[in-house]
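Listed below are the residues making up each chain.
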Amino acid sequence: QAEVDFRDWRVLCMDYLVIGQLSANGPGGYLVRFQLFDVFRGEQLAGFQVPTTERNLRATGHQISDIIYEKLLGERGAFATRIAYITSVAKGDQRQVELRIADADGHAPQTIVRSEEPLMSPAWSPDGKRLAYVSFEKGKPAIYVQEVLTGGREQVATYPGINGAPAWSPDGQQLALTLSKDGNPDIFIMDLRRRSLRPLTRPWAIDTEPAWSPDGKYIEFTSDRGGSPQIYRVSVNGGEPERVTFEGKYNARASYSPDGRYLALVTRLNGAYRIGALDLTNRALRILSDGDLDESPSFAPNGSMIIYATRAGGKGVLAAVSTDGRVKQRL
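Worth saying up front: this structure is predicted, and the values here are computed from it rather than measured.

The rules we used
Residues numbered from 1 in each chain as written. Predicted model: local features only at pLDDT ≥ 70, side-chain atom pairs only at ≥ 80, totals over all residues. Heavy atoms only, no water. Pairing = 2+ DSSP bridges. Helix = DSSP H or I, 4+ residues; strand = E, 2+ residues; numbered from the N terminus. Axes fitted to C-alpha atoms, helices over the stretch in contact; angles between N-to-C directions. Phe/Tyr/Trp six-rings, centres within 6.5 Å; stacked < 30°, edge-to-face > 60°. Buried < 20%, exposed > 50% of the residue type's maximum accessible area, 1.4 Å probe, protein only. Lys NZ or Arg CZ within 6 Å of the ring centre and 35° of its normal. Core = buried A, V, L, I, M, F, W, Y, C linked by side-chain atoms within 4.5 Å. Contact = heavy atoms within 4.5 Å. Expected span 1.5 Å × (residues − 1). Patch = residues over 30% accessible without salt bridge, like charges linked within 9 Å, V, L, I, M, F, W, Y side chains within 5 Å. Areas by Shrake-Rupley, 256 points an atom, 1.4 Å probe, with all protein chains shown as cover. Salt bridge = Lys/Arg side-chain N within 4 Å of Asp/Glu carboxyl O.

A few words now on the sheet that holds strand 20 (residues 262-269). Taken in spatial order, the 4 strands line up as 19-20-21-22 in an open sheet, and their pairing is antiparallel. The sheet is open, and its two borders are formed by strand 19 (251-256) and strand 22 (285-287), each paired with just one other strand. Neighbouring strand axes in the sheet, compared pairwise and without regard to direction, differ in orientation by 30 degrees on average. Pairing analysis gives 8 bridges linking strand 20 to strand 21 (residues 272-279), with the strands arranged antiparallel. The residue bridging valine 266 from the neighbouring strand is isoleucine 275, located in strand 21.

Right under this line is the structure:
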């Protein structure tokens, strides 16, 4: 700290300063030291030593970023988290579909499942150790739960008709599913320990895309019961669903923010499909993206960003936008 001339950094209008050092720490090991300073107060806010290895240097950088983010903003960071997504890869004259996971910024992708048939709707378990997803690899849709670390997987739903849109309960013990085994697509809840299944919506409308509230009390879903796709809410104990969205003729694919205050969703605006954030306290809808076909939004674990799929240069890409719409990033 004595070597830092804070006056120089104040002239450059820098609010904070991070100084780091990387040194050898035994065979194949490193020690990362860093300090975070408040420039205007001339004080150290944080200082850590983090042992790591060459293989884990990138993960260590994310860990340090999370520490700095939390120290400055008072909420946990999301740099050390991961994303799951579906991609299509050319294999000669064929295309292969892959379910991948990667760092939050899109780097270090790792393939979890490969298939020549569609893969859809990956969903992280709350502990980040499992993925639920839909696979058509046997010629019809089925829902699987797979361990990320070991690759072991289990088929949990293969009913006649649609098996789709799995969503984890906050405790990781249940899945909300879209099934059409009784006729129209409806929302069901499966207890993963007992494999018991109970219906949540009635079979007279098309109900799909469930999303569990962070407190575990409600499920949001997309339904056409009002004549056009809109988002509804129902208690996990059942009952009459309540309509949530009213602005526009198309609102779908809801995803809760971790604090339960917002819903990320897909809304149609002048013929284009955009990502929006609905404030559940005042029902104000903020449009966050500007593409023609933006879809599949989901919040970062700290609620700061929304990741979604979009089109650019004639191909599908992943993008992220802050919940206030001011910061945008292509992954």
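Additional details are given in the paragraphs that follow.
All right, on to the packing of aromatic side chains then. Tallied over the full model, the rule gives 6 aromatic pairs. On the numbers, 5.9 Å between centres and 75 degrees between planes, the contact of tyrosine 69 with phenylalanine 79 is edge-to-face. Here the residue tyrosine 69 occupies a position in helix 2 (residues 57-73), and phenylalanine 79 occupies one in the loop between helix 2 and strand 4 (82-91), the gap between them amounting to 10 residues. Taking relative accessible area as the criterion, tyrosine 69 reaches 18% and is therefore assigned buried. Judged by its relative accessible area of 36%, phenylalanine 79 falls in the partly exposed class. Sitting above the plane of the tyrosine 159 ring, lysine 181 keeps its charged end 5.9 Å from the centroid. For the cation-ring pair, arginine 225 lies above tyrosine 232, with the distance from its terminal atom to the ring centre recorded as 5.6 Å.

On to the pairing of strand 7 (residues 119-124). In this structure, strand 7 lies alongside strand 8 (residues 130-135), joined through 4 bridges in antiparallel fashion. When the bridges of strand 8 are listed, leucine 119 appears paired with serine 135. The turn linking strand 7 back onto strand 8 is made up of 5 residues, and glycine 128 within it adopts a positive phi angle of 70 degrees.

It is worth spelling out the nonpolar core at this point. Ranked by internal contacts, the top residues of the largest apolar core, which has 14 residues, are Val156, Trp168, Leu175 and Leu177. Secondary structure elements with two or more residues in this core: strand 8, strand 9 (142-147), strand 10 (153-157), strand 12 (174-179) and strand 13 (186-191). When residues of this core are assigned to their parent elements, the largest contribution, 3 residues, is made by strand 12. Excluding residues within four positions of it along the chain, valine 156 makes contact with Ile143, Val145, Leu175, Met190, Leu192 and Arg195.

Along its 17 residues, helix 2 runs 24 Å from first to last C-alpha, staying within 8% of the 24 Å computed at 1.5 Å per residue. All buried positions along helix 2 are accounted for by Thr60, His62, Ile64, Asp66, Ile68 and Tyr69. On its buried face, helix 2 is in contact with strand 1 (16-24), strand 2 (29-38), strand 3 (43-53) and strand 5 (94-103). In the segment just after helix 2, glycine 74 is the residue with positive phi, at about 80 degrees.

With that settled, the discussion passes to a nonpolar patch on the surface. Judged by side-chain polarity, Trp9, Leu12 and Met14 come together as a nonpolar surface patch covering roughly 270 Å² of accessible area. Looking at the element boundaries, leucine 12 is found in the loop between helix 1 (6-11) and strand 1. Classification of leucine 12 by relative accessible area gives exposed; the value is 53%.

Below, the discussion takes up unusual backbone geometry. A positive phi angle, near 50 degrees, is found at alanine 165, a position not held by glycine. With respect to the element layout, alanine 165 can be found in strand 11 (residues 163-168).

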